[in-house]
Amino acid sequence: MTTHRANVTLDGAYRVGPVPRRLFGSFVEHMGRCVYGGIYEPDHPDADEDGFRQDVLDLTRELGVTTVRYPGGNFVSGYDWRDGIGPRADRPTRLDRAWKAIESNEVGTDDFMRWAASAGVAPMLAVNLGTGTVQDACDLVEYCNYPSGTKWSDLRIKNGAHQPHDVRTWCLGNEMDGPWQIGHKTADEYGRIAAETARALRRIDPTLELIACGSSNSTMPSFGSWEATVLSHTHDLVDLVSLHAYYEEKDGDTASFLSSAVDMDTMIRGVIATADSVAARLRSSKRVNLSFDEWNVWHQSRFPGEDALDYSKGRPLIEDNYSLMDAVVVGDLMATLLRHGDRVAIACQAQLVNVIAPIRTERGGLAWKQATFAPFALSARHARGDVLLTAVESDKQHTKRYGDVPILSATATHDPESNEVVMFLVNRSPEDSIHLTARLHDLPSTKILQQAELAGPDMRVINTAAQQEVRIRNVSSLRLCEGTLEGDLPACSWTMVRLSS
Ligand code: AHR
């Protein structure tokens, strides 16, 4: 085992900008057991009168989620939102062609809005631009947001929601570049319908925040050109463009997997460059920001694919068990989003419950925390105030997928209100430690309030309902002396250090 070296410099004068609180978003899709058997299980002992599990709501609040995207995902591209409103007994049962599921429609827009209010999260709804029309999208926005006196707003009131839901943020479809998407479109086809939908929605409410679909992932052959074409149609009509990325360890290549955040960083830079190049072509000073509204670790190679599924009800789907190593990668991805907080305004970890999720449930039983819960929750709780510019000089490790990458990932925030500096440090090496030297200038740095660490001898250990093996430990291996923080970070670890004066 070697000890690598890394130097970090922080200066109170150099800031990226305020921490966008919506980076701590999540995603609830009608998929597998995320909704049915996840947030909603009416015969569970902990369910409220609406059928929502209180234990899941408690964990959602503890996770610190600020915003939740709903109802999909691929699901939305074949969804008729009208099926999910009104008395539950009258709602139709449908085939969900995205995930080959029998959809009872017991949970729909009004139900989700009540759940979101209990969870204390801002809703972010997606409209169907796969099989849906401009009119369907307008009707949904009228149903949700128009006060009263029209067909759809009065129906909402009749269904019990007297006040408008006032949903501010809307996704214009989902992953429309993907051939797997119901109603998949070319970039021009999608750009046109997204533009026309945006134009029509803005006539209902010009202040809505609208998100155009970017690429489904950065390995799509059309990555870059898709964004350029879509934004050439929509640049002046939307506020954000979406990004999606999922990471997994392939062929035992642990070093590349632990360096996944390097790919996320490259993808973010690429989409910013593309969006800004469209702005330049249009001679526009407007900046389209980024919504990273699906990201996570997903062991995709273990999923046979939706074509291999038969129609069924309540089937578990992609319930990945997350390891300590997965949690370290999640912590690094979260920190990468923060470092780009000047352009990434929204991010949603996909998904919230059961489906590649930090929260797991047992039918009729416990709700419990996966290994990935802790880095998300601690980042959401402590990354406050401003993101600082972080200068990192680090030894590199060679990876098959990304070449030579810095072994240390470092991100920091400073909250002028509490006068706390918080550093998020990731050692991406599977076997070597890092000797860290971090120098802080013009920042509170006389005492360490907390050094929380996610590390351990077995990076493949997972949590189960019965045993929470992967958990945060408060340690004290770092020393602080005259504004310099120094010490060793173990291999494959995520560390949060809180400093004050
Ligand atoms: O989050 C799971 C699925 O991944 C979503 O439905 C889709 O948008 C993405 O491909």
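These remarks concern the structure in this document. These figures come from a predicted structure and were not determined experimentally.

Brief notes about the overall build of the chain
Phase 1 of the analysis: Secondary structure assignment for the chain yields 10 helices and 26 strands.
Phase 2 of the analysis: The globule rule puts the C-alpha radius of gyration for 501 residues at 23 Å, and the 23 Å found for the chain is close to it.
Phase 3 of the analysis: If you line up the chain on its principal axes, its C-alpha atoms span 65 × 60 × 45 Å.
Phase 4 of the analysis: Scored against the burial criterion, the 501 residues of the chain give a buried share of 63%.
Phase 5 of the analysis: Once local pairs closer than 6 in sequence are excluded, the contacts in the chain between residues at least 24 apart make up 77%.
Phase 6 of the analysis: For the chain, the exposed area adds up to about 18700 Å²; of that, 49% sits on carbon and sulfur atoms.
Phase 7 of the analysis: A gap of 2 Å separates the mean positions of the 51 positive and 68 negative side-chain charges of the chain.

As for helix 1 (residues 54–63)
Note on helix geometry: an α-helix contains 3.6 residues per turn, so any two residues three or four positions apart are oriented the same way.
Phase 1 of the analysis: Of the residues making up helix 1, those classed as buried are Asp55, Val56, Leu57, Leu59, Thr60 and Leu63.
Phase 2 of the analysis: The secondary structure elements touched by the buried residues of helix 1 are helix 2 (109–119), strand 13 (359–361), strand 14 (367–369) and helix 10 (373–382).
Phase 3 of the analysis: Note on helix 1: the residue one or two positions beyond its end, glycine 64, has a positive phi of about 85 degrees.

Side note on the sheet that holds strand 21 (residues 433–441)
Phase 1 of the analysis: Spatially, five strands are ordered 16-1-21-25-24 in an open sheet, and the strand pairing comes out mixed. The open sheet has two free edges, formed respectively by strand 16 (391–394) and strand 24 (479–481), since each of these has just one partner strand. For this sheet, the mean inter-axis angle between neighbouring strands, taken without regard to orientation, is 15 degrees.
Phase 2 of the analysis: Of the pairings in the sheet, the one linking strand 24 to strand 25 (residues 484–489) comprises three bridges and is antiparallel in character. Across the sheet, residue leucine 480 finds its bridge partner in strand 25, namely leucine 485.

Some words on the site of the ligand
Phase 1 of the analysis: With respect to spatial proximity, the complete set of residues near the ligand consists of Phe27, Glu29, Met31, Gly73, Asn74, Trp99, Asn174, Glu175, Tyr246, Glu294, Trp298 and Gln351.
Phase 2 of the analysis: Between the ligand and the protein, one listed contact pairs an oxygen atom with a side-chain N or O atom of glutamate 294 at 2.7 Å.

Description of the environment of alanine 374
Phase 1 of the analysis: Inspection of the secondary structure puts alanine 374 in helix 10.
Phase 2 of the analysis: Separated by 290 residues in the primary sequence, alanine 374 and glycine 84 place their C-alpha atoms 34 Å from one another.

Side note on the side chain of threonine 60
Phase 1 of the analysis: Here threonine 60 shows up in helix 1.
Phase 2 of the analysis: Since its relative accessible area comes to 0%, threonine 60 is described here as buried.
Phase 3 of the analysis: Only 2.7 Å separates the side chain of threonine 60 from the backbone oxygen of valine 56, close enough to count as a polar contact.
Phase 4 of the analysis: Every residue in contact with threonine 60, bar those within four places of it in the chain, is listed here: Val65, Trp115, Ala119, Leu352 and Ile359.

Topic: the pattern of salt bridges
Phase 1 of the analysis: Tallying each qualifying case throughout the model produces 29 salt bridges.
Phase 2 of the analysis: The partner of aspartate 111 in a salt bridge is arginine 114, with the nearest N and O atoms 2.8 Å apart. One end of the pair is aspartate 111 and the other is arginine 114, both in helix 2 and three residues apart, which spans about a single turn.
Phase 3 of the analysis: In this structure aspartate 111 comes out as buried when scored by relative accessible area, which is 2%.

Side note on the packing of aromatic side chains
Phase 1 of the analysis: Within this structure, the stated rule accounts for 13 aromatic pairs.
Phase 2 of the analysis: Between the aromatic rings of phenylalanine 24 and phenylalanine 376, the centroid separation amounts to 6.4 Å while the plane-to-plane angle is 80 degrees, which identifies the pairing as edge-to-face. Of this pair, phenylalanine 24 sits in the loop between strand 2 (15–18) and strand 3 (25–27) while phenylalanine 376 sits in helix 10, and the two are 352 residues apart along the sequence. Grouping residues by exposure puts phenylalanine 24 and phenylalanine 376 together as buried.
Phase 3 of the analysis: Here the guanidinium or amino end of arginine 69 rests over the ring plane of phenylalanine 27, the centre of that ring lying 4.6 Å away.

What about the environment of arginine 192?
Phase 1 of the analysis: If you trace the backbone, arginine 192 turns up in helix 5 (residues 187–204).
Phase 2 of the analysis: Take arginine 192: its relative accessible area is 44%, and that puts it in the partly exposed class.
Phase 3 of the analysis: Each C-alpha atom of the pair arginine 192 and threonine 234 lies 7.9 Å from the other, and the pair is 42 residues apart in sequence.

Describing the sheet that holds strand 10 (residues 240–247)
Phase 1 of the analysis: Around the barrel, eight strands lie side by side as 3-4-7-8-9-10-11-12; this closed barrel has parallel pairing. Averaged over neighbouring strand pairs, the angle between their axes works out to 30 degrees when direction is ignored.

Concerning the nonpolar core
Phase 1 of the analysis: Counting residues in hydrophobic clusters, the biggest one holds 139 residues, and the most contacted among them are Trp115, Tyr190 and Phe292.
Phase 2 of the analysis: It is helix 9 (residues 324–339) that contributes the most residues to this core, 11 residues altogether.
Phase 3 of the analysis: Mapping this core onto the domain boundaries places at least three of its residues in each of domain 1 (3–12 + 388–500) and domain 2 (20–382).
Phase 4 of the analysis: Among residues more than four places away in sequence, those in contact with tyrosine 190 are Leu129, Leu172, Met176, Lys185, Ile211, Ala212, Cys213, Trp226 and Val230.

Parameters at a glance
Residues numbered from 1 in each chain as written. Predicted model: local features only at pLDDT ≥ 70, side-chain atom pairs only at ≥ 80, totals over all residues. Heavy atoms only, no water. Helix = DSSP H or I, 4+ residues; strand = E, 2+ residues; numbered from the N terminus. Rg over C-alpha atoms; globule rule 2.2 N^0.38 Å. Buried < 20%, exposed > 50% of the residue type's maximum accessible area, 1.4 Å probe, protein only. Contact = heavy atoms within 4.5 Å. Areas by Shrake-Rupley, 256 points an atom, 1.4 Å probe, with all protein chains shown as cover. Lys, Arg positive; Asp, Glu negative; His and termini not counted. Charge placed at Lys NZ, Arg CZ, Asp CG, Glu CD. Pairing = 2+ DSSP bridges. Axes fitted to C-alpha atoms, helices over the stretch in contact; angles between N-to-C directions. Near = heavy atom within 4 Å. Polar contact = N/O pair within 3.5 Å; in protein donor to acceptor, adjacent residues only side chain to side chain. Salt bridge = Lys/Arg side-chain N within 4 Å of Asp/Glu carboxyl O. Phe/Tyr/Trp six-rings, centres within 6.5 Å; stacked < 30°, edge-to-face > 60°. Lys NZ or Arg CZ within 6 Å of the ring centre and 35° of its normal. Core = buried A, V, L, I, M, F, W, Y, C linked by side-chain atoms within 4.5 Å. Domains from an automatic or database assignment.

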